[in-house]
Amino acid sequence: DDEAARWDFNHDQNNLSFIFSSGAESILSTSLYTYRLKGVQEEWSVPNSDRKIDFLGLPSGYYELQIAAVNANGSVSSIADYPFEIHPPWWFSVLAKVLYVIVLVLGIWFFIRWRTLRLKRNQMLLEREIASATQEIVQQKRQADEQREKIAESQKLMLESIEYAKRIQTAILPPQKLVRSYLPESFIIYQPKDI
């Protein structure tokens, strides 16, 4: 055959056997055959009489099987070409790749959205805790200010009371001149601890 139609196979039809023959069986019985599978092996096989070729586990792609007969004197016949293609599985198709990209982009978008919402929720909780702590601190400051004012008021009253007692004590004690005039060899010790 000069030009054969191209054969198409699915990705799971990748174990192929080729059996070839010709109308002239007497010639075939004495002929040897050589072949090569473009896309897998670029060198021609050693000529032999086997009329069956097996290819197992071919990956997806375009191939061209070329077969030629070699007669006893070593002359090679014309080359017969048998092109075929093993299609990749649907999950390697362009549509599948587009879907993968869309799913990936949506996945990333949903992850970012989920993460953003989670961060906002955590931020709101933190702001509530900060507001509560701030309110508690303000209340404690107010109580501390009130206590400080009470202490300052108590201290003021105490100082006034001590000052008043000092005035009374100094008023009770006679002046030192007067005491010395009556008791020349006397003395008064007046050393209060504080005011």
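Each chain has its residues counted from 1, running along the sequence as written. pLDDT decides what is reported in this predicted model: residues at 70 or higher carry local features, side-chain atom pairs at 80 or more are listed and counted, and totals for whole chains, interfaces and linings draw on all residues regardless. Only hydrogens and water are removed before side-chain values are computed, so all heavy atoms of the structure are retained for them.

Visitor: Explanation requested: the overall build of the protein chain in the structure shown.
Guide: Comment: elements are numbered from the N terminus, with helices defined as DSSP H or I runs of at least four residues and strands as E runs of at least two. Summing up its helical and strand segments, the protein chain has three helices and six strands in all. Going residue by residue from the N terminus, the α and β elements of the protein chain occur as β-β-α-β-β-β-β-α-α. C-alpha atoms define the radius of gyration, and 2.2 Å times the number of residues to the power 0.38 defines the globule rule. By the compact-globule yardstick of 16 Å for 195 residues, the protein chain is too spread out, its C-alpha radius of gyration being 56 Å. Considered along the principal axes of its C-alpha atoms, the protein chain spans approximately 170 × 35 × 20 Å. Buried, partly exposed and exposed residues are distinguished by accessible area as a fraction of the type maximum, computed with a 1.4 Å probe on protein chains only: under 20%, between the cut-offs, and over 50%, respectively. Here the protein chain, with 195 residues, has 17% of them falling under the buried criterion. We call two residues in contact whenever any of their non-hydrogen atoms come within 4.5 Å of each other. If you take every contact in the protein chain between residues at least 6 apart in sequence, the share linking residues at least 24 apart comes to 57%. Split by element, the accessible area of the protein chain, about 15,800 Å² in all, is 59% carbon and sulfur. Accessible areas in this description were obtained via Shrake-Rupley with a 1.4 Å probe; residue shielding takes into account the shown protein chains only.

Visitor: In this structure, what is going on with the packing of aromatic side chains? I would like to understand it.
Guide: The geometry of an aromatic ring pair is captured by the separation of the ring centres together with the interplanar angle, meaning the angle of the planes. In this scheme Phe, Tyr and Trp rings, the latter by its six-membered ring, pair at centre separations within 6.5 Å, and the angle between planes marks the pair as stacked below 30 degrees, edge-to-face above 60, and tilted otherwise. Evaluation of the coordinates by the stated rule reveals 11 aromatic pairs. An angle of 55 degrees between the planes, with centres 6.4 Å apart, marks the rings of Trp-91 and Phe-92 as tilted. A relative accessible area of 34% places Trp-91 in the partly exposed class. Ring-pair connections join several aromatic residues into one group, and the members of that group are Trp-7, Phe-9, Phe-18, Tyr-35, Phe-55, Tyr-63, Tyr-82 and Phe-84.

Visitor: Can you walk me through the nonpolar core in this structure?
Guide: Across soluble globular proteins, nonpolar side chains have a tendency to be buried as a group. For the purposes of this section, nonpolar cores are sets of buried Ala, Val, Leu, Ile, Met, Phe, Trp, Tyr and Cys residues that join through side-chain atoms within 4.5 Å. Counting 16 residues, the largest nonpolar core has Leu-58, Leu-65 and Phe-84 as its most contacted members. Of all the elements in the fold, those that place two or more residues in this core are strand 2 (16-19), strand 3 (32-38), strand 4 (52-55), strand 5 (61-70) and strand 6 (80-86). Take this core: its biggest share by element is four residues, from strand 6. Excluding its chain neighbours within four sequence positions, the residues that come into contact with Leu-58 are Asn-14, Leu-16, Leu-37, Val-40, Tyr-63, Phe-84 and Ile-86.

Visitor: What exactly am I supposed to notice about the pattern of salt bridges here?
Guide: Side-chain pairs of opposite charge can arise where the charged atoms are in close proximity. In the sections that follow, a salt bridge refers to a side-chain nitrogen of Lys or Arg positioned within 4 Å of a carboxyl oxygen of Asp or Glu. One pass over the full model with this rule turns up five salt bridges. Arg-6 is the partner of Glu-85 in a salt bridge, and the nearest nitrogen-oxygen pair spans 3.2 Å. Of this pair, Glu-85 sits in strand 6 while Arg-6 is found in the segment before strand 1 (7-9), placing the two residues 79 residues apart along the sequence. The shortest N-O distance in the salt bridge between Asp-145 and Arg-148 comes to 3.0 Å. Of this pair, Asp-145 and Arg-148 both sit in helix 2 (residues 94-172), three residues apart, which is roughly one turn of the helix.

Visitor: Hey, could you run me through the sheet that holds strand 1 in this one?
Guide: The strands that make up a sheet pair up through hydrogen bonds in the backbone, lying either parallel or antiparallel. Between any two strands, pairing holds if DSSP finds at least two bridges. Here four strands make up an open sheet; going across it, the order is 1-6-5-3 and the pairing mixed. A strand with exactly one partner marks an edge of an open sheet, and here the two such strands are strand 1 and strand 3. The mean angle between the axes of side-by-side strands here comes to 20 degrees, regardless of whether they run parallel or antiparallel. Examined bridge by bridge, strand 3 and strand 5 share seven bridges and lie antiparallel to one another. Bridging across to strand 5, Tyr-35 finds its partner in Ile-67. To obtain each axis, a line is fitted to C-alpha atoms, and for helices this fit is confined to the stretch in contact; angles are then taken between N-to-C directions over 0 to 180 degrees.

Visitor: Looking at this structure, I do not really get a nonpolar patch on the surface. What am I missing?
Guide: Each patch is built from salt-bridge-free residues with over 30% relative accessible area, joining like charges within 9 Å and nonpolar side chains (Val, Leu, Ile, Met, Phe, Trp, Tyr) within 5 Å. Residues Trp-90, Trp-91, Phe-92, Val-94, Leu-95, Val-98, Leu-99, Tyr-100, Ile-102, Leu-106, Trp-109 and Phe-110 make up a contiguous nonpolar surface patch of about 1,300 Å² in total accessible area. Here Trp-109 is to be found in helix 2.

Visitor: What is the right way to read the pairing of strand 4 from this model?
Guide: Residues of strand 4 alternate between two faces, with Ile-53 and Phe-55 buried on one and Lys-52 and Asp-54 left unburied on the opposite face. With four bridges connecting them, strand 2 and strand 4 associate as antiparallel partners. Across the sheet, Leu-16 pairs through a bridge with Phe-55, a residue of strand 4.

Visitor: Explain the confidence of the model for the protein chain to me, please; I cannot follow it from the model alone.
Guide: The predicted structure's coordinates, where accompanied by low pLDDT, should not be read in detail. Summary statistics for the protein chain give a mean pLDDT of 86 and a share of 92% for residues scoring 70 or more. The secondary structure element of the protein chain with the lowest average pLDDT is helix 1 (residues 25-30), at 52, and the one with the highest is helix 2, at 93. The pLDDT score gives, residue by residue, the confidence of the prediction method on a 0 to 100 scale.

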